[in-house]
Every structure is written in C-alpha cells, then in structure tokens.
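Spelled out, the chains give:
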Amino acid sequence: MYKIIDGKAHSKGLRQEIAEGVIEYKQRTGKDIGLAVVLVGNDGASQVYVRNKIKGCEEVGIKSFAYYLPAESSQDQVEELVKELAANDAVNGILVQLPLPKGLDEQKILSLIPVSKDVDGFCESNMGNLCMNRPCLVACTPNGVMKMLEREGIEIRGKNAVVVGRSNIVGKPMAMLLLNADATVTVCHSKTKNLKEICAGADILVAAIGRAKYITADMVKDGAVVIDVGMDRDENGKLCGDVDFENVKDKCSYITPVPGGVGPMTITMLLFNTLAAAKRSL
Ligand code: NAP
C-alpha cells in the first residue's frame, strides 16, 4: 500500500515553523526580514509566481519589496536595481524572477546578487558549497524534496537514489543533496542508455525531466519512493507530472502527486531560505 506525500500539508507545517522563526528573529534583533522580488516584463506565469511569493511572505511575516520593471528595461536599469538591493540592509534576500525578457544578460544580472542574499541558491558559490557539503543557500525545489523526505521520516542513507534530469536548478542540486545525505546516487539525462534498468534499481527515484508521464510502471522498483518534480500537461491539457501516477502508484511505498506534491514546497523553501539568509547575516 502506497502513501501519498502531501506537499500542501508539509508546506503548511513548514510555514508555521518559518513564521515562528521570523517572530523570534524580530524579537532578538528588533528588525524585520525582507525579501525583494524583481519582475521584468509582463509574462503571465511569472506574474502569478511573483504574486504567490509575495502572498507567502505575508503569511509568515516576511516583508516583501516588489519591483516591476517594464519589458523594455535596459541591462543597465536592471543591474542598477539589483546593485541597490544588494547594498540595502533591509533586504535579506533578492529574487530575480526568471526567465528575463530576451536581450537581457540573465547570468550577468544574477551574478550581482551577493551570495548571502541568493535565496534561489543559483549562484556559483552556493552551488559550489553544496557540492562540498558546506552550509549554503540551496535551490528551493530540490531542498523542498529533501524537507518532504525528512518530514516523512524516509531513510536516505545507503539507499540507491536515481535522479532523472541534470538541470542546474533541479537535477544537479537534487543529486548533491541526496549524495550529502549518504545515498548512492545516479544521475540520468537525455543521453542515458538503459534508463529503464537504472530507474528500476532505485530505492528513491526523482523525476525532473519535463515530459508528461514519462516514468512508467516498468521503470519503478517495488516499494520505491517516487518523487515527481515535473509540471507538465497531458494530452488533454491537464496538469500532470513526469510520472505516470495512476499506473505507478501501486508499486511505490511513497509517491508525490502532481499537483499537490513538490510544487507547494518550492515557494515555502524560498521563505525558508530568506529566514536562513537573515539569520546568517547576524
Ligand atoms: P530542464 O532544464 O528542461 O531539464 C530537464 C532534464 O531532463 C535535462 O537534464 C534533460 O537531459 C533531461 N531529459 C529530457 N528528456 C529526457 C529523457 N527522455 N530521458 C532522460 N532525461 C531526459 O528542466 P527543469 O527546469 O529541471 O525542470 C524539470 C521539470 O520540473 C519540468 O517539468 C519543470 O516544469 C518542473 N519544475 C517544477 C518545479 C516545481 O516547483 N514543482 C520547479 C522547477 C521545475 P539533458 O540535460 O541531456 O538535456
């Protein structure tokens, strides 16, 4: 019998803990915690993400500073704003919503965010520290997966973990986190041969591919923990994950649904990182 990992419930529990941490910080320092969110242009999905991030801040008592720049903003204008935020003591975390409009140098803009305020955990120093298993701000989605595993009491040490996907924002940090937690980790990607056999050997299988229902029942070991990071559309345009949930679930010990699994944890981990960034700056 499988157990569904309820990302909404974990997210709610974690937000309560974060809210308590924010109160404690304010009592100790007499200061607010601030997150700056920068949105350039008017991409619909990005607007929704930014709105949800601001709502999340309100929920846990973090002050948010939202900056909406027009799509035609110059590289200099965006860079100037990020530099100002980097120097602003009231701002503990800076998030530049991606993707940026074409013509802007994303990497250059992100590189202006100080490591200590990089609440997305995307910068080279944070990624490097993660690889070296040193304290750092970790990318929100994979860190959210780790939190869910931890809160479910799922043992990672010594387990065979397979991560399908090697992006810088999900697959790679996910693999590092599992390795740091003493799993034996295999990372797969589009050039991997015998993907099915590798996945079928996984005690913990994380799918971060971006292909609807790609992980089928024959790729899953009996009793596996299956984590679905994917946010895809099925043939009817309905939101679904990378895992063929209906046919896979009965083989699992634990499985995350889409929606309601990994997704709700991502913004919560941004709030978690903002609190962590503030505490580290003391
Ligand atoms: P990405 O940058 O497109 O990376 C996808 C990875 O999957 C790549 O490493 C790619 O391999 C690999 N891949 C593609 N086709 C494959 C195949 N047939 N077999 C094996 N590997 C294959 O995507 P991403 O940003 O990591 O996101 C992955 C999924 O997670 C997407 O559905 C995205 O929407 C979702 N996501 C969800 C959240 C959330 O909050 N829930 C957050 C971020 C992303 P190559 O490197 O060889 O190309």
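The text that follows walks through the structure, step by step, so that each part is easy to find. (Residues numbered from 1 in each chain as written. Predicted model: local features only at pLDDT ≥ 70, side-chain atom pairs only at ≥ 80, totals over all residues. Heavy atoms only, no water.)

## Considerations on the site of the ligand
Next, step 1: For the ligand, the set of nearby residues contains 21 residues, the closest of which are Arg166, Ser167, Ser190, Tyr214 and Thr266.
Next, step 2: Arg211 places a side-chain nitrogen or oxygen 3.4 Å from a nitrogen atom of the ligand.
Next, step 3: Considered on its own, the ligand offers 920 Å² of accessible surface; in the complex 72% of this is hidden by protein.
Next, step 4: Of the residues in the shell around the ligand, the class split is 9 nonpolar, 9 polar and 3 charged. (Near = heavy atom within 4 Å. Polar contact = N/O pair within 3.5 Å; in protein donor to acceptor, adjacent residues only side chain to side chain. Areas by Shrake-Rupley, 256 points an atom, 1.4 Å probe, with all protein chains shown as cover. Nonpolar A, V, L, I, M, F, W, Y, C, P; charged D, E, K, R; others polar.)

## Some points on the pairing of strand S2 (residues 34-40)
Next, step 1: With 7 of 7 residues buried, S2 lies mostly within the body of the structure.
Next, step 2: Residues Gly34, Ala36, Val38 and Val40 line one face of S2 and the alternating positions Leu35, Val37 and Leu39 line the opposite face, and both faces are buried.
Next, step 3: In terms of strand pairing, S2 meets strand S3 (residues 63-69) through 7 bridges, oriented parallel. Each residue of the ladder has a partner; that of Val38, found in S3, is Tyr67.
Next, step 4: For the crossover from S2 across helix H2 (residues 44-60) to S3, the handedness is right-handed.
Next, step 5: The sheet contact formed by S2 and strand S4 (residues 93-96) spans 4 bridges and is parallel. Across the sheet, the residue bridging to Ala36 is Ile94, located in S4. (Buried < 20%, exposed > 50% of the residue type's maximum accessible area, 1.4 Å probe, protein only. Helix = DSSP H or I, 4+ residues; strand = E, 2+ residues; numbered from the N terminus. Pairing = 2+ DSSP bridges. Right-handed = clockwise from strand over helix to strand, strands pointing away.)

## Observations concerning the sheet that holds strand S5 (residues 160-164)
Next, step 1: If you walk across this open sheet you meet the 6 strands as S1-S11-S8-S7-S5-S6, and the pairing is parallel. Either end of the sheet is taken by a strand with one partner, and the two such strands are strand S1 (3-4) and strand S6 (184-188).
Next, step 2: In this structure, strand S7 (residues 204-207) lies alongside strand S8 (residues 224-228), joined through 4 bridges in parallel fashion. Residue pairing across strands places Ala207 opposite Asp228, the latter belonging to S8.
Next, step 3: Its contacts with the sheet put helix H7 (residues 171-180) on S5, S6 and S7, and the angle it makes with S5 is roughly 170°. (Contact = heavy atoms within 4.5 Å. Axes fitted to C-alpha atoms, helices over the stretch in contact; angles between N-to-C directions.)

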